[in-house]
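Architecture at a glance
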Amino acid sequence: MPLNDTIAIKKPKAQDPGPGLGEARLDVEGITVAYEGRPALRDFSFRLPRGARAAVVGPNGAGKSTLFKALVGLLPLEKGRILVHGLPLGAHQDCVAYLPQRENVDWNFPVTVRDVVTMGRFGHLGWLERPGKRDRALVMDSLAQMGMEALADRSINELSGGQQQRVFLARALAQEPHIFLMDEPFNGVDRGTVEATMALLDRLKRDGVTVLISTHDLNLAAERFERVLLLNKELIADGPAAEVLREGNLAKAFGSALLVSEGRRLLVDECCGGHEDRGHEERVHGGKEACDDEEARR
Ligand code: ADP
Ligand code: MG
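The rules we used
Residues numbered from 1 in each chain as written. Chains lettered and ligands numbered in written order. Predicted model: local features only at pLDDT ≥ 70, side-chain atom pairs only at ≥ 80, totals over all residues. Buried ≥ 20, exposed ≤ 12 C-beta atoms within 10 Å, placed from the backbone. Helix = DSSP H or I, 4+ residues; strand = E, 2+ residues; numbered from the N terminus. Pairing = 2+ DSSP bridges. Expected span 1.5 Å × (residues − 1). Arc of directions from axis to C-beta. Contact = placed C-beta atoms within 7 Å. Core = buried A, V, L, I, M, F, W, Y, C linked by C-beta atoms within 7 Å.

1. Re the pairing of strand β6 (residues 96–99)
Taking every second residue as pointing to the same face, both faces of β6 are buried, with V96 and Y98 on one and A97 and L99 on the other. The sheet contact formed by β6 and strand β7 (residues 179–183) spans four bridges and is parallel. Its bridge partner lying in β7, V96 is registered against I179.

2. Let's talk about helix α4 (residues 133–145)
Over its 13 residues, α4 runs 18 Å from end to end, which matches the ideal 18 Å to within 8%, given 1.5 Å per residue. Inspection of α4 places L138, V139, S142 and L143 among the buried residues, and these make up the whole buried set. Along the axis of α4, the buried positions cluster into a sector of 135°, meaning they face one direction only. Facing away from the buried surface of α4 by more than 90 degrees, the exposed residues are K133, R134 and A137. Considering only its buried residues, α4 is in contact with α3 (113–118) and α5 (161–174).

3. Some points on the nonpolar core
Residues A170, F180, L181 and V228 are the most contacted members of the largest nonpolar core, which totals 69 residues. Ranked by the residues each element gives to this core, the list is headed by α5, at seven residues. What F180 contacts, discounting residues up to four positions off in sequence, is A97, A172, L204, V209 and V211.

4. Description of helix α6 (residues 191–206)
Taking 1.5 Å per residue as the helical rise, α6 with its 16 residues ought to reach 22 Å, and the 23 Å between its terminal C-alpha atoms agrees with that figure. Buried within α6 we find T193, A196, T197, L200 and L204. Along the axis of α6, the buried residues cluster in a sector spanning 100°; they form a single face. Seen from the buried face of α6, the exposed residues on the opposite side, beyond 90 degrees, are R191, E195, D202 and R206. Turning to α6, the residues buried within the fold contact α5, β7 and β8 (210–215). Note on α6: the residue one or two positions beyond its end, G208, has a positive phi of about 75°.

Right under this line is the structure:
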């Protein structure tokens with residue numbers, strides 16, 4: 001069945017994005033996520049229309065990584081729901097690419113760069129289907145876009161942090177996503193990788209890909225993202241950076257960690273209040289038809 005029909009039939013009225021927003025690509029409705037009964041995110045709602053680019057900001061432990069993991073189904077919801085193209089998580093999972101926070105990945109895994117990026121194609125392949133010519137071409141093209149094609153046969157654990165990050169970005173690109181989630185993509189990487197990521201964000205915008213990143217760099221969020229979601233366990237503000245990153249909101253989110261707030265020059269003390277990241281959190285998404293049909297629609 002063509003996806004258009006599926007969406008037209010199944011999309012509940014409540015998902016209508018309203019005038020001026022275009023078709024909603026990602027709807028998060030009142031989600032609560034808890035660890036051992038303790039909520040890390042409470043009653044969190046937002047909507048990203050197609051092609052939107054937004055930054056999630058908040059202090060360490062605010063729930064940014066929790067949000068991203070919930071968005072790809074790695075964590076169960078206590079309450080609320082998440083819809084991709086108006087459908088529940090799962091139906092469109094291969095349309096959603098996820099770059100985990102570096103600290104959440106086991107980089108010692110002995111696998112080549114090419115293999116990692118090829119994993120991005122798995123959601124598009126049928127059961128037991130091997131990657132074909134187009135898949136292999138896409139893998140190399142994605143690597144080339146991140147300036148990594150020369151390292152295709154190297155083992156991922158031999159690369160620098162920035163190079164590893166670019167390989168993971170290439171993997172996400174090979175997935176041909178409609179929604180691209182990047183958890184702290186600028187953390188602990190070199191300047192060149194920051195710039196390469198920025199250039200990638202611009203290309204994704206031109207292609208109409210919806211992008212959500214998390215960062216604790218308020219300057220970067222203010223300068224490079226038209227929309228900012230400020231959170232600390234709950235959503236404190238959501239809108240244009242200039243409106244969201246006001247002193248009152250920042251004080252609510254960062255409390256005493258906020259050092260300076262001078263127009264757009266915002267410095268935040270990130271030394272305290274952190275937490276240990278826990279283990280390897282990786283995953284390749286499955287499900288083919290929904291994305292293919294959606295592609296045809298683009
Ligand atoms: P951020 O990414 O904004 O730094 P996280 O989403 O990683 O924040 O963490 C939010 C809160 O949830 C923190 O208090 C953290 O300690 C807690 N937390 C994160 N992962 C786990 C886990 N696996 N088990 C228990 N608590 C966790
Ligand atoms: Mg995090």
